[in-house]
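Observations on chain architecture
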Amino acid sequence: MSADASASRHYAIVARAIAFIRSHAHDQPALDEIAAAVHLSPAHLQRVFAAWAGISPKRFLQYLTKEYARAQLPQSASLLEVSLDAGLGSPSRLHDLMVSCEAMTPGEIKAAARGIDIGHGLAPTPFGDALVAWTGRGVCHFAFRTEDEASLLAELRVLWPAATLQRDDAQAQQWMQRIFPTRPTRGRIHLVLRGTNFQIKVWEALIRIEPGRVLSYGQLARELGMPRAPRAVGSALAANTIGYLIPCHRVIRERGEVGEYRWGSARKLALLAREAARHGTRADGLPAPAGTPSAVRRASSGRVGARTQD
């Protein structure tokens, strides 16, 4: 069988498995049940599904269940009701699922971002105007301007629907001076990350990529120890809402093409060109620019937080 024919057959198998999982998610089917539905052994389905999708059937089912529960939690007063509707049987299983997949407890998800004050403002950068937003713990959002200001602010409100937003363009200007210093200075910028454990793992790997270096989705997946998950890695990159500081612009396509970028391919090329030029003159031992972000993650309790790795 040719490689193309094999890939087509595997796609058909995975598509049938996904359809079965989606239609039976409430019953939380085991791997044996899913495999029987597509007429494969459990071990064979596990290999095919993981190779094509980058995750196992169990992880896909967890993702569907987590997304359903996350949508229901803010609307329901009962964790038991959400647990039963999701097919989990008990609030303790819902708790374990949400902490595993979201690094947040169900109660914290219900609370969403209530009580968080977020400053934000628009300011110029070497690559055009950008919107930066911050909490008391660090930068939580960064977006280059590609459309009107109202659209930028609307996206921020969607990402932090229950937070109190306070406009402060003067403070935003100060943040930009730290992020894009005119001369190399010592310092770190704390980031506040919100995402699944997998997404945060990918973003932290991006932060560790040295300026001036580029790598492909496949290379990044291999560095993460997940060589069969370039698609999942790509999805995590697409979910990044802290541009530049989480440097997704340093990831290119396998054949060396620059590829897409949320804030424009031309801007991505400019970012890479500037970093390549500066990296080529870094043999004098100058310290990392102040704009170098700290490696951060959500605290283990699930609360939004940040920490610096020295």
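Check the entry above for the structure.
This text gives an overview of the structure that appears in the document. Since the model is a prediction, treat every value here as computed from it, not as a measurement. (Residues numbered from 1 in each chain as written. Predicted model: local features only at pLDDT ≥ 70, side-chain atom pairs only at ≥ 80, totals over all residues. Heavy atoms only, no water.)

**Quick look at the overall build of the protein chain**
When helices and strands are tallied, the protein chain shows 13 helices and six strands. Looking at the protein chain as a whole, 42% of its 310 residues are labelled buried. Within the protein chain, counting contacts between residues at least 6 apart in sequence, those at least 24 apart form 61% of the total. Counting only carbon and sulfur atoms, one obtains 52% of the accessible surface of the protein chain, whose full area is about 15,600 Å². (Helix = DSSP H or I, 4+ residues; strand = E, 2+ residues; numbered from the N terminus. Buried < 20%, exposed > 50% of the residue type's maximum accessible area, 1.4 Å probe, protein only. Contact = heavy atoms within 4.5 Å. Areas by Shrake-Rupley, 256 points an atom, 1.4 Å probe, with all protein chains shown as cover.)

**Points about the packing of helix H10 (residues 197–207) against helix H12 (residues 230–238)**
Viewed as axis vectors pointing N to C, H10 and H12 meet at an angle of 80°, and their least axial separation amounts to 9 Å. It follows from the interaxial angle that H10 and H12 lie roughly perpendicular. The residues of H12 that touch H10, namely those facing Phe-198, Gln-199, Val-202, Trp-203 and Leu-206, are Ala-232, Val-233, Ala-236 and Leu-237. (Axes fitted to C-alpha atoms, helices over the stretch in contact; angles between N-to-C directions. Parallel < 35°, antiparallel > 145°, perpendicular 65-115°, else oblique.)

**Some remarks on the packing of aromatic side chains**
One pass over the full model with this rule turns up nine aromatic pairs. An angle of 70° between the planes, with centres 5.4 Å apart, marks the rings of Tyr-261 and Trp-263 as edge-to-face. Put simply, the rings of Phe-127, Phe-142, Phe-144, Phe-180, Tyr-244, Tyr-261 and Trp-263 pair up and form one aromatic cluster. Positioned above the aromatic ring of Trp-160 is the side chain of Arg-194, whose terminal nitrogen or guanidinium carbon lies 3.8 Å from the ring centre. (Phe/Tyr/Trp six-rings, centres within 6.5 Å; stacked < 30°, edge-to-face > 60°. Lys NZ or Arg CZ within 6 Å of the ring centre and 35° of its normal.)

**A word on the layout of surface pockets**
Here the largest pocket is characterised by a volume of approximately 1,100 Å³. Lining the largest pocket are 41 residues, and of these Tyr-63, Lys-66, Thr-196, Phe-198 and Gln-199 sit closest to its centre. Those elements that place two or more of their residues in the lining of the largest pocket are helix H3 (42–53), helix H4 (57–72), helix H6 (91–102), strand E3 (138–144), H10 and H12. In terms of residue count, H4 provides more of the lining of the largest pocket than any other element does, six residues in total. In the lining of the largest pocket, the residues fall into 23 nonpolar, nine polar and nine charged. (1 Å grid on protein atoms, 1.4 Å probe; cavity = no way out; pocket = protein on both sides within 12 Å on 5 of 7 lines; lining within 4 Å. Points joined across faces, edges and corners; volume = space filled by probe spheres on them. Nonpolar A, V, L, I, M, F, W, Y, C, P; charged D, E, K, R; others polar.)

**Some details on the sheet that holds E3**
What the four strands build is an open sheet, ordered E3-E2-E1-E4; its pairing is mixed. A single partner strand is all that each edge strand has here, and the edge strands are E3 and strand E4 (164–167). Between one strand and the next, the sheet's axes are offset by a mean angle of 25°, whatever the strand orientation. Across the face of the sheet, helix H8 (residues 149–159) comes into contact with strand E1 (117–123), strand E2 (130–135), E3 and E4 while running at roughly 140° to E3. (Pairing = 2+ DSSP bridges.)

**Some words on the side chain of Ser-216**
By secondary structure assignment, the location of Ser-216 is in strand E5 (residues 215–216). Its relative accessible area of 3% is what places Ser-216 among the buried residues. If we ignore the near neighbours within four places in the chain, the residues touching Ser-216 are Val-251, Ile-252, Arg-253 and Glu-254.

**Some thoughts on the pattern of salt bridges**
Under the defined criterion, the tally for this structure stands at five salt bridges. Glu-155 is the partner of Arg-262 in a salt bridge, and the nearest nitrogen-oxygen pair spans 3.5 Å. Taken together, the residues Arg-262 in the loop between strand E6 (251–252) and helix H13 (265–279) and Glu-155 in helix H8 connect sequence positions 107 residues apart. Taking the relative accessible area as the measure of exposure, Glu-155 reaches 27% and is therefore partly exposed. If you follow the salt bridges from partner to partner, you end up with Glu-149, Arg-167 and Asp-169 in one network. (Salt bridge = Lys/Arg side-chain N within 4 Å of Asp/Glu carboxyl O.)

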